[in-house]
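# Structure assessment
These are the residues of each chain, in order.
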Amino acid sequence: MSDLYPICRSITGDGFRESLRILGREIPLEMREVPTGTRVFDWTVPKEWNIRDAYVKDAKGRRVIDFQRSNLHVVNYSVPINRKMSLGELKEHLFSLPDHPDWIPYRTSYYKETWGFCVSHRTLQALEDDEYEVCIDSSLEDGHLTYGEYYLKGRVDDEVLISCHCCHPSLCNDNLSGMALATFLAKFLGRLSTRYSYRFLFIPGTIGSITWLSLNESEVSKIKHGLVVACVGDAGKSTYKKSRRGDAEIDRAVAHVLQHSGQDYEIQEFSPYGYDERQYCSPGFNLPVGSLTRTPHGRYPEYHTSADDLNFVQPAYLADSFSKYLAVINVLENNGRFLNTNPKCEPQLGKRGLYSTFGGRKDTDLYELALLWVLNLSDGQSTLLDIAERSGLAFSAIRDAANALVQHDLLVEIQA
Amino acid sequence: MSDLYPICRSITGDGFRESLRILGREIPLEMREVPTGTRVFDWTVPKEWNIRDAYVKDAKGRRVIDFQRSNLHVVNYSVPINRKMSLGELKEHLFSLPDHPDWIPYRTSYYKETWGFCVSHRTLQALEDDEYEVCIDSSLEDGHLTYGEYYLKGRVDDEVLISCHCCHPSLCNDNLSGMALATFLAKFLGRLSTRYSYRFLFIPGTIGSITWLSLNESEVSKIKHGLVVACVGDAGKSTYKKSRRGDAEIDRAVAHVLQHSGQDYEIQEFSPYGYDERQYCSPGFNLPVGSLTRTPHGRYPEYHTSADDLNFVQPAYLADSFSKYLAVINVLENNGRFLNTNPKCEPQLGKRGLYSTFGGRKDTDLYELALLWVLNLSDGQSTLLDIAERSGLAFSAIRDAANALVQHDLLVEIQA
Amino acid sequence: MSDLYPICRSITGDGFRESLRILGREIPLEMREVPTGTRVFDWTVPKEWNIRDAYVKDAKGRRVIDFQRSNLHVVNYSVPINRKMSLGELKEHLFSLPDHPDWIPYRTSYYKETWGFCVSHRTLQALEDDEYEVCIDSSLEDGHLTYGEYYLKGRVDDEVLISCHCCHPSLCNDNLSGMALATFLAKFLGRLSTRYSYRFLFIPGTIGSITWLSLNESEVSKIKHGLVVACVGDAGKSTYKKSRRGDAEIDRAVAHVLQHSGQDYEIQEFSPYGYDERQYCSPGFNLPVGSLTRTPHGRYPEYHTSADDLNFVQPAYLADSFSKYLAVINVLENNGRFLNTNPKCEPQLGKRGLYSTFGGRKDTDLYELALLWVLNLSDGQSTLLDIAERSGLAFSAIRDAANALVQHDLLVEIQA
C-alpha cells in the first residue's frame, strides 16, 4: 500500500497501469485494455487521462498549490490549462472543506470537460488578491481503459467474484485497502484447491464494472456469489451490505460469519447507491453480489479527503477483514447438502465412539449437539449453512460434525 | 357541519333526507329510496321513523326532558307514547352516564320496538317522586330507507369506494366529520381527471351498506380500493384499521402515507367490529376496504354522547385528515408498474442532465437516490409503492423520479 | 408417586415391570416384552439389567455406600463386581457433585460395560485411605425390554400420542411426574368419548421410543399430534418445546393455551437434544410431537440428583400441568373448520337473540365479538384455532361462539 499510495490513479491512464504492475508482483494479473469510444451498454469508454504536473503560482512564482505534493490537489480528469487569472476567476475552480480546514478534498469530473483544484480550507483562505499562473499539464486523448483480471480455476465452473475499484489516487481505505485485501486473498486461494472458480477484478469504479459486464455478458451467469471489497482497513466495525436479492447464499454466509465473529457488526439492506455492486445488481443482471466493508463509504469524516491516508488504515484491521473474507469463502466452499443414511430415529453414536459413555450429565457438549443437528436436518433439503442458522451453532462446528458423520457412513453428500 | 348538527338523523326518515339535501349543495348527490320490507341478504329494510316532538313533563307541566333542546334526548327509533306514569316506571326507560354527569348519552333501538329517553345524570338525579307526562310524537311506519350516492367516472371502470355513515343525530366527530370530509373530497376530485372511478356513499350505518351491497352485488367486483370515513375531526392521532386482507394495496398506501406524515399514527389489524367495513369485509365480499380515522370509535370519552359536539371537532384536524385522504388517493392514482429500458448496468444519468457533474461528494442527494431506486427495481414486478416501501423514500419522490425517467425514455409504463 | 419412588428402575428389568404394574392399578395398561438382541433400526435391544444389592464396605465392615439407602448410589447398568481394592482404585469409579456436596448424582452406563457408584461429595471426602470391599450384586443377561402401552379408540383412527419415559430410579420430577400425569390423563380421557384416538406410551428413554417406532412403523402415520411428558411437577413456569416442524397444530395449540393461561411461560424452538421427541422428530419420521414441561431437563440444579425427590414435586404444580394438557386436548378435539352459511354481510344476530338490543354503547362484549370473528373468518379456510389466534380471543370463547352459530344454522362444520 505504501508503494501504491503516491501514484495518481484515475479511471484510465498510466497511474492505473502502474498500480496493476505493482499488484502483479504478488499475483499473475492479466491486464486488459479497452479502446476509447467502445460502447459498453449505455456508456462509452472515455478518453484516456494522463497528468504530469499541475500548480498554481502566485505573482512571485511560488507554487501555492502543487500537484507534486499531493495528487489530490487536481480535480481528477481536469483538462489542460495554462494561463494567468485573477483570484476571483481562480476561486470558481477551487474546492475545500470548511469543516476540516487542514484536509484536501477529492473531486472528479470524468464526464464533463472542466478543470479544478482541491485545497485545504486554510490554503484557500490564505490566498491573497493577486494574479495567479494556473497550469495543469494533463492530456485527455483517445487511448484505453485498463483493468486487471485474475482467474483461478476451481473444480467447478461456478464462480465467486471478488471485485475492487482501483481508480482513486492517494486514498487509502477507499481503494488501496480493498486492492490489498483482494490481492492477498487471490494469492492465498491460488495455493489451494478450491471447489469454486474465483475471479478477481481490479477495475475503475462504475465504468470498469460496466465495461467488464458488457464484454463478458455471456459469462456472467457463472457468477454464483460475489463481494465488492472496499474500505476494509479502518477501525470501524464490519458492515455488510446485502445483494439486491437480499437472501442470496452470499448474504446469509456473510451474516453468519459476522454473527459468530464475537465482534460488533452491522448488516445493511441493499441500496442502489454505493460501489460496483450497483452494476452487478442492476435489474438486468441481479447478481448475488454484496459488499463487505468496515465503515461504509461516506460514513467516516476522512472519506474522500487527504485524511484517508496510510495512518487511517491499520494492519490489524486489514488482517481482521481478511480473516472474515476467508471465513465467508470457507462457508461457500463447504456449504454442501447431505443425506442422513439412517433417518429413522438417531443412529447409535456411542458404539461408534462419537458420543460420551456415561449418561446422566446435565448438558451435552457442543460437538455432540452439532452431530445431532446435522443428523436431524440432513433430509436432503437443508445445506450446512441452513443447519448452522437453525441450530445457532457456528458453521465450522456443523461442518466438522458433518465430516465426522461422513467418515462413519452416517451421512452422504448430495451432488448438486 | 353547523347546518347539519341540529338535524335529528336516524337510519331512515326525513332527517336523513334533509341532511343529504344540504350535502347536495356541494356535490350532485343522487338520492336513492328503498321501500320498507325489501329483503337485503339476511336483513329487511325497516319501517321509516320520523319524530316531531318529545318531552317528559312534571306534574307542574314543566318540560324536564325536552327533545327540542337536544335530539339525543330520545332513544333513536322510539315508538310513540303519550301517557302519565310514576317516576319508578319512567326510570326504566331512562339512560344516563354516571361517570360524565353533564353529558347526554346516545342510544338506539332500531330492531326492537320500545321507547326511551337519554338524559344527563344530573337531570336524572334531580327528578323528584312525581307523576310525569311522557310524550314521544314519533311515527314508525312503512316508508323508505334513503341513501345518497355520487359516482365520478374515471379513465378506468375500476373503482375507489368512499363510504360514510350519516345516521347519527347531533354527533359531530362520529358522523358529521366523515360526511364533511367525503363531500369535500368528492367535490375536489370532481374537478380533476382521475384514473380510477370514485364512488361516494352516504348511508345509514350497517343496514345502509347491507342494502347497497345487496342492490349492487353485480358491481361490487369493480371496487379495487375503499375507505370508510368517520371520526376525522378530533385532536387524536391518525389511525388506520386495515382491511380483512391485511396486505391490500389500500392498506399499504395508507400505511405509507402515515409513515411519511411526520406525525404520530397507529395502524390496527382488521377486526369484524366497527363501521361499515364490517359488511364490505364480510367473507362473501372480502373487499379491500379499510378505515382511516383519527381516534377510533369508542376510544374517546365523548364518543356517543352530547360532548361529541361542534367544539370537539376542529377545522385544523379536519384539514389534516383531508390532506391524508388526498395523499392516499395520490398513491393509488399513480401507483404504476414500470420497465427499465436499460436494465443492464445503470444508464448514464450524467449525460442526460439527471446527475450532478462533480463526483466525489460524500452523499448523493435524495433525488438522485430516487432515480437509482426506480431504475434498479423497475423490472416489471415492482410498483412505485413497492419501490417507495423498499427504499424508505416518500412515494412522491419515487413518482417524480419515475416521471423524469419516462421523459428521458429510460422507463416505460407497463399497462395493467 | 410415593409408591413408585423407591423402585430401582432402569431401561430394562424388574424395576420397570414393577412400576408398570403399579400404573396398571389406574389404567388397563398392556405390557410389551421385546427380547434382548432384537434389531431396532440402528440399535439393538440390550441385555436386561437387574440388581439386588450393592455396597462399599470399609475395613471395619461398615457400609459406607449402601444401595439400600438410595438406588442412585449405583451407576445404572453397572456390571457385577465383588472384590477388595484401595481407595485410589475405588475413586476412579466414584461420581459426586462438588457444587452440591449433599446430593447424590444420577449416572448411567447403558452401552458400555463398566461399574460405578454415585455418592454425595461429603461422603466422598470422608473416605479414608483404607481397603474397601466393593460389591454390586447385579446381573446383565439376555432378557427383555419392557414397555407399557394404552390405546383409547376415538371416533377417528387419527391418533394423539402421549409418551413418557419411566427408566429413571428415584427421580421424581424427571420421570415420575410425567408418568403420573400421563396415567391420570389416560384415566380421565378413558371416561370420555373423544374424536381422536389416544395412544399412551410408558417407555424407557431413547431405546424405548426407538423400539416402539421400529415395531410400529406402519402405524406411525396415524399420529397427528403428540406430546412428550416430563418434568411437570416442579415450581417453574410451563415450557413448551416445539416439534421439528415448528408450526404443527400441536405447536400452535400449546402456544395458544399457554398464552391464555394468565401465567408466565416459555416457548422454545425445536432442538435435537432432549427426551424421546428426538426420535419422534428424527427426519425419517418428522412427527408433530413437541414436549410440554415445566422447567426443562438440565435447567434446574436438582436435575439428575437425589434432590429431585418427593418434596421437589408439588401437587399444585402437577394439577396445573394436568389442566394445561387437558386444555391442549380440548383445542385439538374441537379445532374444526366451519362455513358461514350467510357470508354476504353479517347475518342479523339481534333477531336471533344473539346480540344486545340497545345500540350505541361504547364497546361490544367479548361474546358478541367472538360471534363476529367466527362469522367473518369462517370461509372454509380457517380453523377455530386460526380464528382464536387472529382475534386474540381464547379458543374456548371462539368454540362457544361457533357452537351457538351452528345451533342457529348460521354455521356448518366442514368435514375434513
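Everything below is about the structure shown above.
An account of the accompanying structure is given in this report.

### A word on the overall build of chain A
In terms of helices and strands, chain A carries eleven helices and 19 strands. Counting only C-alpha atoms, chain A reaches 90 × 45 × 35 Å along its principal axes. Scored against the burial criterion, the 416 residues of chain A give a buried share of 62%. Counted over contacts in chain A with a minimum sequence separation of 6, partners at least 24 positions apart contribute 79%. Working note: accessible area of chain A is about 16000 Å², and carbon and sulfur atoms make up 47% of it. Side chains of chain A give 45 positive and 55 negative charges; the mean places of these two sets differ by 3 Å.

### Describing the sheet that holds strand β18 (residues 379-383) of chain B
All names here are of chain B. A sheet is described by the order of its strands in space; here three strands give the open sequence β18-β17-β19, paired in antiparallel fashion. Each end of this open sheet is capped by a strand with a single partner; those strands are β18 and β19 (411-414). Shown here is a sheet whose adjacent strand axes are inclined to one another by a mean of 35 degrees, direction ignored. Here strand β17 (residues 337-340) pairs with β19 via four bridges, running antiparallel. Bridging from a neighbouring strand, Arg337 pairs with Ile414 of β19.

### Let's talk about the interface of chain B and chain A
The interface is formed by 27 residues belonging to chain B together with 34 residues belonging to chain A. When chain B packs against chain A, close to 2700 Å² is buried across both sides, 53% of that on carbon and sulfur atoms. Our enumeration of links across chain B and chain A arrives at five salt bridges. Arg278 of chain A is paired through a salt bridge with Glu346 of chain B; the nearest N and O atoms lie 2.6 Å apart. Our count for the contact surface shared by chain B and chain A stands at 14 residue pairs in polar contact (both at pLDDT 80 or more).

### Some words on the packing of helix α10 (residues 384-391) of chain B against helix α11 (residues 395-407) of chain B
The packing of two helices is summarised by the inter-axis angle and the distance between the axes. All names here are of chain B. With their axes 9 Å apart at the nearest point, α10 and α11 run at an angle of 125 degrees to one another. Judged on the interaxial angle alone, α11 and α10 are oblique. Note on packing geometry: the crossing formed by α10 with α11 is right-handed. Counting all contacts with α10, which are made through Leu384, Leu385, Ile387, Ala388 and Ser391, the residues of α11 involved are Phe395, Ile398, Arg399 and Ala402. Within the contact of α10 with α11, the residues separate by chemical class into seven nonpolar, one polar and one charged.

Reading guide: rules and limits
- Along each chain, residues carry numbers from 1 onward, in the same order as the chain's sequence is written.
- For this description, chains carry letters from A and ligands carry numbers from 1, given in the order in which they are written.
- Local features are withheld for residues below a pLDDT of 70 in this predicted model, meaning they are given only at 70 or higher, and side-chain atom pairs are given and counted only at 80 or more; totals for whole chains, interfaces and linings count all residues.
- With hydrogens and water stripped out, all remaining heavy atoms of the structure feed into the side-chain values.
- Only DSSP runs of H or I reaching four residues or more are called helices, and only runs of E reaching two or more are called strands; each is numbered from the N terminus.
- Summary of the burial criterion: residues with accessible area below 20% of their type's maximum are buried, those above 50% are exposed, and those between are partly exposed, where the area comes from a 1.4 Å probe applied to protein chains only.
- Any two residues whose heavy atoms approach within 4.5 Å at even a single point are treated as in contact.
- Residue-level accessible areas treat just the shown protein chains as cover; the underlying method is Shrake-Rupley with a 1.4 Å probe.
- For this count, His and the chain ends are skipped, Lys and Arg are scored as positive, and Asp and Glu as negative.
- Think of each charge as sitting on NZ of Lys, CZ of Arg, CG of Asp or CD of Glu.
- By the convention used here, strands pair only if DSSP detects at least 2 bridges between them.
- What counts as an axis is a line fitted to C-alpha atoms, over the stretch in contact for a helix, and the angles between N-to-C directions run from 0 to 180 degrees.
- Buried area is understood as the total, over both parts, of accessible area removed when two parts are fitted together, assessed with a 1.4 Å probe.
- The term salt bridge refers to a side-chain nitrogen of Lys or Arg lying within 4 Å of a carboxyl oxygen of Asp or Glu.
- Definition of a polar contact: a pair of N or O atoms within 3.5 Å, with one able to donate and the other able to accept a hydrogen when the atoms are protein atoms, and with sequence-neighbouring residues admitted only if both atoms are side-chain atoms.
- Roughly parallel refers to an angle under 35 degrees, roughly antiparallel to one over 145, roughly perpendicular to one between 65 and 115, and oblique to any angle outside these ranges.
- If you view the pair so one helix is near and one far, a crossing is left-handed when the near helix is turned anticlockwise from the far one by less than a right angle, and right-handed when it is turned clockwise.
- Any residue outside Ala, Val, Leu, Ile, Met, Phe, Trp, Tyr, Cys, Pro, Asp, Glu, Lys and Arg is labelled polar, Gly included; the first ten of those are nonpolar and the last four are charged.

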